[in-house]
Each structure stands twice: as structure tokens, then as C-alpha cells.
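If you want the building blocks of each chain, they are given just below.
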2 protein chains.
Amino acid sequence: MPKTSDTSPPRRVTAAEVAERAGVSISTVSKALSGRGAVRYETRQRVLEAARDLNYQSNEVAVSLLAGKTNTVGVITSDRLGRLTSPVLLGATETLAEHEIALLLCDGRGDRIREQYFVDSFLRRRVDGILVTGSGIFGRDTIRVDLPIPVVYAMAWSKDSRDASVVPDDGAGARSAAEHLLATGRTKIAFVSGRRDDATTIRLANTREVLTSSGLRLAHEPLIGQWSEGWGRQAGLQLLKSGVDFDGVVCGNDQIARGVVESLRENGVAVPQAVGVIGFDNWDVMVEASRPPLSSVDLSLHEVGQAAARTLVEAIGGDGMQPGVRRVACHVVPRESTSTA
Amino acid sequence: MPKTSDTSPPRRVTAAEVAERAGVSISTVSKALSGRGAVRYETRQRVLEAARDLNYQSNEVAVSLLAGKTNTVGVITSDRLGRLTSPVLLGATETLAEHEIALLLCDGRGDRIREQYFVDSFLRRRVDGILVTGSGIFGRDTIRVDLPIPVVYAMAWSKDSRDASVVPDDGAGARSAAEHLLATGRTKIAFVSGRRDDATTIRLANTREVLTSSGLRLAHEPLIGQWSEGWGRQAGLQLLKSGVDFDGVVCGNDQIARGVVESLRENGVAVPQAVGVIGFDNWDVMVEASRPPLSSVDLSLHEVGQAAARTLVEAIGGDGMQPGVRRVACHVVPRESTSTA
DNA sequence: TTGAAAGCGCTAACAT
DNA sequence: ATGTTAGCGCTTTCAA
């Protein structure tokens, strides 16, 4: 039974060894490699060569200890890396990578105790900042006051007004969605969403606002159920059976929208000819599989992650941090479910 | 414009400060807090109290430097944290958290150059091990030979036989799927999958094997297209138009299965009465939204992540590591699309 | 039982 | 231009 450990692992090379091989002192090695001190060209070449020969890799742990910073940020996610959190996280990794900052990932599972535990762990590991992210756009409790490092919330914004948060501007997104339906000639708009939470409330309010300012109102009471296709189908049927006249539906997410579209189609109502339907999230799998493909509001989650990371990096850099909730623009991605062709 | 930085961040407390407050030496503080040295009960109480009062948090960077290990592993994912990678990652975080090991996350985007860059970054940061994960169950190149730390691959297995990988046993999964169809009374089985890759090849071969050993064969040439619902619908139609008699379909993933189910249903073929359909992945969103709900092969991705992390932790602990590909059992989750009611 | 001292690997003043 | 020295914050011998 061969074990990988048969071959003893290569020893870790230190600056001292490089120094010896290059015939210089340790500090000269440091200067030569960092390019920060005055070193004769020829000497530097010798050092570089020695470092390469020995495959030297500086010990960032030592550097961190000395510098008092680790070029690392901690990320606490409260959901299980769902389809909403992943793009946020990915956007953050990209921006952080550009700054040579690594990312420690923890899943707090929305449990305060676990979160506190991870925050403490981050502090002991001397991360330079913390990013908190959650699956939905909802207000959450602050992670802790009086932290020696900056904290930024992404998606799930902090209810503490002293904290900085970055979220998609889904209010404006809902406005765009409603305006898009109006722009494609619909005037009798219905609204279907999932649980009555922050997102639903804001989207509903903004949808109503747009209608009101056009002298219109919702064609039917808002239908609130679950965030699922099943509910979308049910809601679609309910709309049909209600007998109210409607020609457009704003849906709380793409699954609901897809369900609505299906139930309409299966009951002989043409989408988009008779009714235009628009969803939220712009989730590729859903919008593409739907027949017809769904128009949807893209939440710019990637940008949210990037913006949150950028804010954090700036705060770490000592530029201070604007508290409050920052909103990143959403945009309508029109597809066939609302086209006027 | 108030800035968070107005209030200067609390200074970091060191063991020296705790020592001073407790009226003991630094080394006594270390012993008292770690519980590793001989300290008088009363002294320890004083130290503990001082530490609590000052809100002392040991600097793990210093500890790491001294110990020569960081209790950190690096994770390189090659896809963008998709629905397949996320559960693997989550499983890994859980197991690692149990061992007080933190996780540095990088997205290599499947780009060798970026991957190498991140590996080097991990090495400089002195991670204790590396976990490599990718979106699909396919063979990939090794990350690098001669690394001073253990590496484990999850999902995307390494083609280098000296590496250790953990993957779902989707071959056995396919066998279970086929057997499940046989067990529910189907004998004329068709096969629909996405791109002809490792996963498709293995699943097809194993499906055939099951049929063969029951004296059966595929009812129709394997249909290979894309990993989408659209393709599933198309394939379903193709099967119907071909005129061949079939009463069961093994599908490469849940999206395809859902497409197949839909096209059958829309063309008057009852699922599961006339035809049983089973998918792969057991993706909640898909299996639940399908009408009827889909039976599917669960890939145990969470367990794959856990197993990979456990393997890595053991290797870090110096227990050596069994090279080769380890397969984690998959299991059929029966739902209505194959029921015999 | 406690403390002094050495040192993990590195950088940055300060000498030379 | 190069080397010497003094730490970063901690753990761990080793003396007392």
C-alpha cells in the first residue's frame, strides 16, 4: 500500500538559505526580493538566482506578523451558498484577488452563536476586514459593535445604521420592471410574489408607485405565496379564474414567473401577445428553460459582491467608510415573455 | 459626513498587557491560557480574569509562525461556484470547521495560469493543505507535483494516479437508476444525456450493463445533446417520433429529465403510467417543479465534500494518504415520475 | 510554580 | 551598497 507520505515533503526554504547561497546577508535578500532597498544590480541578480534555484517562497505568515496585517478578509455567509450568494461571493473574490487579498470563508448558517464564533476566529487570525453576506435582501442584525476592523454587509444589509451595506437596488428594479411592462403596452398589471418579506414589500410598493404615477392601479390584489414555480402556476390560475382583465404580471422571482407563464400558456392565454410576464433574478436556468424565455430583472449580484469588496478594501486602506445602505443598479433583461413583436 | 473611522479602532491587546494586568510574566499567561504548563489555580484565575477584562484574543499569526502550521487549507474551485460545487464546498467547510481549520477560497476559473498563481499564493501563506474542486465529474490535470503539503481533489479527479481524489460514484448511481426503472416494471429503456463527457460515458456504460445483465438492451440509440431542459424536450419528441416502443428513460441530469417529462406529458404520454423517467443530481428546484416530481439520483455532493476534507485533514495530521480515486455512494431518490401506483 | 531567554522568518531602522 | 540589530507576538525550553 503506497502512501504519499513515503517521499518526505520538501523542506521549506527560508531567506537565510537564500542568503547563504547568494553569499549575502538576510536583509540584502529581503531588499533584493522586495525591491525596496538599495541593492547593486549584480547582487540582486545573484539573490534572484539563488531564490529561484532553491524555489524560495517567502513566508507570508512572518510578513503578516511583522506588518500587522494579513491581506486576508473573512467572509461569513448566512445561507448555504445558494444561487444568490454565489455570484456575490464570486464578485468579491475577483475584486479581492486584484488586491492580492485572500478570502477566508465560513458558513454561519444564520445562527448567531456560530457567527460570533467565526467572527472571533477571524479576529484571532487577524483578518483585515469582514464581509457578511446572506441569501436574501433583508435587514439583519449587526455582527458586532466595536470591532477593530471594518465590516461590510452584502445583500443582507445591517439594521444598524452605523454599518455599511451594499444591496441590489431592487426597488428601482421593480420600477424598471413595471415601466418595462407599461412600455410594451400593458396597463392592467398584476403582482405575484413569494413570502411577504423585505424584498416583496419593496418590490410591491415600487410597482404600485409606477402604476399610480401613470394613473393606473394593480389589476388584482397582490398574490403572495411561496418562491416556487408551483405557486406561480397556482397564482396564474387564480388570476384567470378571478375573471379580472390583466395583460401584464410582475413576479417576485423567475420561478414564480415561469409558473405563471406555464399556467397561462396551458390555459390558452398567449404570452407575450395577450399577457406580458416579467420575473426577478435573471436566473439563467429558469429564464432560458421557460417557454417563452423570461424577461427578468437582473440583480447585478456580481457587481454587488465587487462593490462590497471594494468598499471593504478602501476601508482597510484607511479611507474611512460611508455608513448606510448603498444600492447597486438593477436592470431589466428583456426576452420574449414581454416582447411586442 | 460621518465616517466610521472617526472613532479610532480599539487597540489590539497582547499577551504582555494581560501579563502586566495579572501581575505575572508573559510565559505564565501563555501557560495559563493554553492550559499546557503548570500554573497555580489562583494564578490562572487572575490571568483568565485579566484576559477577559481586556478582551484579549491571541494572535494566531504569531502562533502559526511559531508552530509552522496555520490551521488553514486553500480551496481552488475551477468553476464559478455552481450548484454542483457549492454543496461540495459546504460539506468541506463543515468538516474543516470541526477541526478548527479555516478555508481560503479562490476561483481558478479553470485557467491553469490562475490556478498556479493561487497555488503559489497558498504556499506562501503556508496553508496546511489544498483542496481542488470543479463543477463536473471529469478527469483534470494535477495541480502540481512535489508540493510540500497534501492535496485532495473533489469532484474533478486528478488524472495523476499519485493524487487522491473523491468523487460521487455516478457509475453505480446510473446502475441504481436503471435498476430502479426495471424494479418499477420497465423493460424498454432509453437514455438521454448532455455532452458526451466522462459523466455521460460512465453513466451510459453502466446503464447498458444493467440492461445487458437482464437480457435487455437500450430501446433506442443514446440521445446526446446539451445539459438543458430544451434538449430534454427535443429528445422526448425525438423518442416519440422514432416510433420505438419505450417505457423508461434514464436522463443525464434533472433538467433533461424535466424536459423529457414535459414533452411526453404534452404529447399525451402519461408519466409515470406509460413511461418512467429518472434524472441525475436530485436538484431540488428541478425535481420539485417538474410535473410529476422527478425521481433522481442524488450525487451525495455534501458527503463528497466532507470526505475530501476528512482525507485532507488526515493527511495533514501525517497519517499519509491513499492515492487514487475514492467513490462516494449515490442513491436513488424515488418520486412520482417513476412510481408504480 | 514562575520567569528569563531564545527563536519562529521576516522587515526596517540604523550603522558601516 | 551591505550588514547588524531589534523587534512583530507568541510558545517553549531551561533555570531559579
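Residues numbered from 1 in each chain as written. Chains lettered and ligands numbered in written order. Predicted model: local features only at pLDDT ≥ 70, side-chain atom pairs only at ≥ 80, totals over all residues. Heavy atoms only, no water.

- In the nomenclature of an unreviewed UniProt entry, chain A corresponds to LacI family DNA-binding transcriptional regulator from the organism Rugosimonospora acidiphila.

### Here we look at the relation of the copies chain A and chain B
Now for step 1: The two copies are related by a screw operation: chain A maps onto chain B through 180° of rotation and 0.0 Å of translation along the axis, at an RMSD of 0.1 Å. Taken together, the turn and the small shift mark the pair as related by a two-fold rotation axis. Rotation axis and chain A: the residue whose C-alpha lies nearest the axis is L104 of chain A, separated from it by 2.3 Å.
Now for step 2: Most of the interface of chain A is mirrored in chain B, where 100% of its interface residues are also at the interface. (Least-squares fit on C-alpha atoms with pLDDT ≥ 70 in both. Contact = heavy atoms within 4.5 Å.)

### Thoughts on the domain arrangement of chain A
All names here are of chain A.
Now for step 1: Each domain of chain A was delimited in the assignment, giving domain 1 (15–66), domain 2 (72–168 + 301–328) and domain 3 (170–299).
Now for step 2: The straight-line distance from the C-alpha centre of domain 2 to that of domain 3 is 31 Å.
Now for step 3: Listed by partner, the interface residues are nine residues for domain 2 and nine residues for domain 3.
Now for step 4: Taken together, the two surfaces of domain 2 and domain 3 that pack against each other cover about 740 Å², and 51% of this comes from carbon and sulfur.
Now for step 5: When the area that domain 2 buries against domain 3 is broken down by residue, the three leading residues are R83, I137 and P168, summing to 65%.
Now for step 6: Along the contact surface separating domain 2 from domain 3 lie one salt bridge.
Now for step 7: Residues R83 and D281 are paired through a salt bridge, measuring 3.0 Å at the closest nitrogen-oxygen approach.
Now for step 8: Joining domain 2 to domain 3, the criterion identifies five residue pairs in polar contact (both at pLDDT 80 or more).
Now for step 9: Counted by class, the side of domain 2 that touches domain 3 contains seven nonpolar, one polar and one charged residues. (Domains from an automatic or database assignment. Buried area = accessible area lost by both parts, 1.4 Å probe. Salt bridge = Lys/Arg side-chain N within 4 Å of Asp/Glu carboxyl O. Polar contact = N/O pair within 3.5 Å; in protein donor to acceptor, adjacent residues only side chain to side chain. Nonpolar A, V, L, I, M, F, W, Y, C, P; charged D, E, K, R; others polar.)

### Topic: the sheet that holds strand β11 (residues 276–280) of chain A
In any sheet, the strands associate via hydrogen bonds between backbone groups, in a parallel or an antiparallel arrangement.
Residues and elements named next belong to chain A.
Now for step 1: One open sheet holds the six strands; their spatial order is β9-β8-β10-β11-β12-β14, and the pairing between them is mixed. Each having just a single partner strand, β9 (223–224) and β14 (331–333) make up the two edges of the open sheet.
Now for step 2: In the packing of helix α8 (residues 198–212) onto the sheet, the strands contacted are β8 (189–193), β9, β10 (248–251) and β11, and the crossing angle to β8 comes to about 175°. (Pairing = 2+ DSSP bridges. Helix = DSSP H or I, 4+ residues; strand = E, 2+ residues; numbered from the N terminus. Axes fitted to C-alpha atoms, helices over the stretch in contact; angles between N-to-C directions.)

### Regarding the interface of chain A and chain B
Now for step 1: Between chain A and chain B, the contact holds 66 residues from the first and 66 residues from the second.
Now for step 2: Taking both partners together, chain A and chain B bury about 5,800 Å²; carbon and sulfur atoms supply 51% of that area.
Now for step 3: Ranking the residues of chain A by area buried against chain B places R12, R125 and R126 of chain A at the top, with a combined share of 13%.
Now for step 4: Connecting chain A to chain B are 14 salt bridges.
Now for step 5: The partner of R291 of chain A in a salt bridge is E266 of chain B, with the nearest N and O atoms 2.8 Å apart.

### With respect to the UniProt feature "domain: HTH lacI-type" (unreviewed entry) in chain A
Now for step 1: According to UniProt, the "domain: HTH lacI-type" (unreviewed entry) feature falls on residues 13–67 of chain A.
Now for step 2: Here residues 13–67 of chain A is 71% helix and 0% strand, with 21 Å between the C-alpha atoms at its ends. (UniProt positions renumbered as here; feature names shortened; annotations may be inferred.)

### Here's the deal with helix α10 (residues 254–266) of chain A
Residues and elements named next belong to chain A.
Now for step 1: End to end, α10 covers 18 Å across 13 residues, agreeing with the expected 18 Å (1.5 Å per residue, within 8%).
Now for step 2: Among the 13 residues of α10, 11 are classified as buried, and the element is accordingly described as predominantly covered.
Now for step 3: Of all the residues in α10, the buried ones are D254, Q255, I256, A257, R258, G259, V260, V261, E262, S263 and L264.
Now for step 4: A distance of 3.1 Å separates the backbone nitrogen of Q255 from a side-chain oxygen at the start of α10, and that oxygen is part of N253.
Now for step 5: Phi turns positive one or two residues past the end of α10, at G268, with a value near 80°. (Expected span 1.5 Å × (residues − 1). Buried < 20%, exposed > 50% of the residue type's maximum accessible area, 1.4 Å probe, protein only.)

### Re the pairing of strand β1 (residues 72–77) of chain B
Residue and element names in this part refer to chain B.
Now for step 1: Within β1, six of the six residues are buried, leaving the element largely enclosed by the surrounding structure.
Now for step 2: Burial along β1 is two-sided: the face carrying T72, G74 and I76 and the face carrying V73, V75 and T77 are both buried.
Now for step 3: Strand direction decides the pairing type here: β1 and strand β2 (residues 102–107), joined by six bridges, are parallel. By the bridge assignment for β2, G74 is matched with L104.
Now for step 4: Viewed along the sheet, the connection from β1 through helix α5 (residues 85–98) into β2 turns out right-handed.
Now for step 5: Bridging between β1 and strand β3 (residues 129–133) involves five bridges; their strand directions are parallel. Bridging across to β3, I76 finds its partner in V132. (Right-handed = clockwise from strand over helix to strand, strands pointing away.)

### Considering the protein's contact with DNA strand D
Now for step 1: Around DNA strand D sit 23 residues in total, of which R40 and T43 of chain A together with A15, Y56 and L66 of chain B are the nearest.
Now for step 2: Here the atoms of DNA strand D within 4 Å of the protein split so that 58% fall in sugar or phosphate, with bases taking the remainder.
Now for step 3: Separating a phosphate oxygen of DNA strand D from a side-chain N or O atom of T28 of chain A is a distance of 2.8 Å.
Now for step 4: Contributing elements (two or more residues each) for the surface near DNA strand D: α2 (26–34) and α4 (60–67) of chain A together with α2 (26–34) and α4 (60–67) of chain B.
Now for step 5: Here the residues of the surface near DNA strand D are counted per class, giving 11 nonpolar, nine polar and three charged. (Near = heavy atom within 4 Å.)

### Overview of the nonpolar core
Now for step 1: Judged by nonpolar contacts, the single largest core of 91 residues is most densely connected at L89 and L105 of chain A together with L89 and L105 of chain B.
Now for step 2: When residues no more than four places from it in sequence are discounted, the contact partners of L89 of chain B are L81 and L105 of chain A together with V75, L81, L103 and L105 of chain B.
Now for step 3: I143 and Y153 of chain A together with V119 and L123 of chain B belong to the second-largest nonpolar core, a separate cluster that totals 32 residues. (Core = buried A, V, L, I, M, F, W, Y, C linked by side-chain atoms within 4.5 Å.)

### Overview of the protein's contact with DNA strand C
Now for step 1: Surveying the vicinity of DNA strand C reveals 22 residues, the closest of which are A15, Y56 and L66 of chain A together with K31 and T43 of chain B.
Now for step 2: Each atom of DNA strand C within 4 Å of the protein belongs either to a base or to sugar and phosphate, the latter forming 65%.
Now for step 3: One nitrogen or oxygen atom from the side chain of S30 of chain A is found 2.8 Å from a phosphate oxygen belonging to DNA strand C.
Now for step 4: The contact in question runs from a phosphate oxygen of DNA strand C to an N or O atom on the side chain of Y56 of chain A, over 2.6 Å.
Now for step 5: At the level of secondary structure, the elements contributing two or more residues to the surface near DNA strand C comprise α2 and α4 of chain A together with α2 and α4 of chain B.
Now for step 6: Residue classes in the surface near DNA strand C are distributed as 11 nonpolar, nine polar and two charged.

### Topic: the packing of α10 of chain A against helix α10 (residues 254–266) of chain B
Now for step 1: Axis separation between α10 of chain A and α10 of chain B bottoms out at 14 Å; the angle between their running directions is 15°. Here α10 of chain A is positioned roughly parallel relative to α10 of chain B, judged by the angle of their axes. Once α10 of chain A is placed against α10 of chain B, the crossing between them reads as right-handed. Residue-level contacts link R258, E262, R265 and E266 of chain A of α10 of chain A to R258, E262, R265 and E266 of chain B of α10 of chain B.
Now for step 2: Considering only residue class, the contact of α10 of chain A with α10 of chain B consists of no nonpolar, no polar and eight charged. (Parallel < 35°, antiparallel > 145°, perpendicular 65-115°, else oblique. Left-handed = near helix turned anticlockwise from the far one by under 90°.)

### Overview of the pairing of strand β7 (residues 164–168) of chain B
All names here are of chain B.
Now for step 1: Most of β7 is tucked away, with five of its five residues classed as buried.
Now for step 2: Covered by surrounding structure in β7 are A164, V166 and P168 together with S165 and V167, the residues of both alternating faces.
Now for step 3: Note that strand β5 (residues 151–154) and β7 share three bridges and pair parallel. Note on β7: the bridge partner recorded for V152 is A164.
Now for step 4: With five bridges joining them, β7 and strand β13 (residues 324–328) adopt parallel strand pairing. By the bridge assignment, P168 is partnered in β13 with V328.

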